[in-house]
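Listed below, chain by chain, are the residues.
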Amino acid sequence: SDVRESLTYEKFGVAVRELAQTIADDGFEPDIILSIARGGVFVAGGLAYALDCKNIHLVNVEFYTGVGQTLEMPVMLAPVPNVIDFSNKKVLIADDVADTGKTLKLVRDFCLDTVAEVRSAVIYEKPDSLVKCEYVWKRTDKWINFPWSVDEPVVRREGQVLDA
Ligand code: 5GP
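Predicted model only: the values in this text are computed from it and were never measured. (Residues numbered from 1 in each chain as written. Predicted model: local features only at pLDDT ≥ 70, side-chain atom pairs only at ≥ 80, totals over all residues. Heavy atoms only, no water.)

## Regarding the packing of helix 1 (residues 9-25) against helix 2 (residues 39-50)
Taken N-terminus to C-terminus, the directions of helix 1 and helix 2 make an angle of 55 degrees; their axes are 9 Å apart at the nearest point. One element, helix 1, and the other, helix 2, form an angle in the oblique class. The handedness of the crossing between helix 1 and helix 2 is right-handed. Listed contacts from helix 2 to Y9, F12, V16, R17, L19, A20 and I23 of helix 1 are F42, V43, G46, L47 and A50. A breakdown of the residues in the contact of helix 1 with helix 2 according to their chemical character gives 10 nonpolar, 1 polar and 1 charged. (Axes fitted to C-alpha atoms, helices over the stretch in contact; angles between N-to-C directions. Helix = DSSP H or I, 4+ residues; strand = E, 2+ residues; numbered from the N terminus. Parallel < 35°, antiparallel > 145°, perpendicular 65-115°, else oblique. Left-handed = near helix turned anticlockwise from the far one by under 90°. Contact = heavy atoms within 4.5 Å. Nonpolar A, V, L, I, M, F, W, Y, C, P; charged D, E, K, R; others polar.)

## Comments concerning the confidence of the model for the chain
Residue-level pLDDT values for the chain average 92, and 93% of them are 70 or greater. On the interface metric, ipTM, the complex scores 0.97, and its pTM is 0.93. (pLDDT = per-residue confidence, 0-100.)

## Focus: helix 3 (residues 102-112)
Turning to helix 3, its buried residues are T103, L104, V107 and C111. An end-on view of helix 3 places all buried positions within 95 degrees of arc, on one side of the element. (Buried < 20%, exposed > 50% of the residue type's maximum accessible area, 1.4 Å probe, protein only. Arc of directions from axis to C-beta.)

## A word on unusual backbone geometry
With an omega of 10 degrees, the peptide bond running from A37 to R38 counts as cis. Relative to the elements of secondary structure, R38 occurs in the loop between strand 2 (32-37) and helix 2. Note that the residue after A78, namely P79, is joined by a cis bond; omega there is 0 degrees. The topology assignment puts P79 in the loop between strand 4 (70-77) and strand 5 (90-98). A positive phi angle, near 55 degrees, is found at D52, a position not held by glycine. The topology assignment puts D52 in the loop between helix 2 and strand 3 (56-64). Taking relative accessible area as the criterion, D52 reaches 63% and is therefore assigned exposed. One non-glycine residue with positive phi stands out, namely N88, at about 65 degrees. Relative to the elements of secondary structure, N88 occurs in the loop between strand 4 and strand 5.

## With respect to the pairing of strand 5
Most of strand 5 is tucked away: 8 of the 9 residues are buried. Pairing analysis gives 4 bridges linking strand 2 to strand 5, with the strands arranged parallel. By the bridge assignment, I32 is partnered in strand 5 with V91. Pairing analysis gives 8 bridges linking strand 5 to strand 6 (residues 117-125), with the strands arranged parallel. Within strand 6, the position partnered with A98 by the bridge is E125. Regarding the hand of the β-α-β motif, the stretch spanning strand 5, helix 3 and strand 6 is right-handed. (Pairing = 2+ DSSP bridges. Right-handed = clockwise from strand over helix to strand, strands pointing away.)

## What about the side chain of E125?
Among the secondary structure elements, E125 is positioned in strand 6. Polar contacts involving the side chain of E125 include one to the main-chain amide nitrogen of C133, which spans 2.7 Å. (Polar contact = N/O pair within 3.5 Å; in protein donor to acceptor, adjacent residues only side chain to side chain.)

## Points about the site of the ligand
Close to the ligand lie 14 residues, the nearest being D99, T100, T103, K126 and I144. A distance of 3.4 Å separates an oxygen atom of the ligand from a polar atom in the side chain of D96. Residue G101 places a main-chain N or O atom 2.8 Å away from an oxygen atom belonging to the ligand. Burial of the ligand by the surrounding chains reaches 80%, relative to a free accessible area of 510 Å². Counting only elements with at least two residues in the shell around the ligand, the list comes to strand 5, helix 3 and strand 8 (143-145). Counting residues per element, the shell around the ligand draws most heavily on strand 5, at 4 residues. (Near = heavy atom within 4 Å. Areas by Shrake-Rupley, 256 points an atom, 1.4 Å probe, with all protein chains shown as cover.)

In structure tokens form, the structure reads like this:
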């Protein structure tokens, strides 16, 4: 068996439609789709079209600081979305994968106090994720190659300053 799970752009197109169908079949009609950049932006865009939802927000989460050191916990980068805009709204958080689930937990907890309802949708969920997503396309314990990050960037940029 393969040690990696590979998602192509073509397979992603099928996956995001099937994920959207699952959400629609469940009767969940989100007012807002909140994507976790960067991988979740692809997922949120696909879901927004398939679910006919015109409201997309974005939150940037990184595990790394500008100097390339790994943090123990993921952090939200500026600009942080205004949760007041989310009050009494049904929010669907979209990401590519829930691995440890720490990223999703951070964003979910950020929403929980303010919003009427928050659910999560991911393409992949791994068995040890501390957030159990309401909507999952496929479960795997393998490392996943995503089409948007499997290839090296076309240009390398050193010393980028991240907003924090
Ligand atoms: P977490 O561990 O917080 O659930 O995942 C954080 C982030 O790590 C994900 O959004 C994703 O960007 C990255 N990540 C986690 N597991 C994988 C994986 O199997 N493949 C790739 N390409 N990225 C992953």
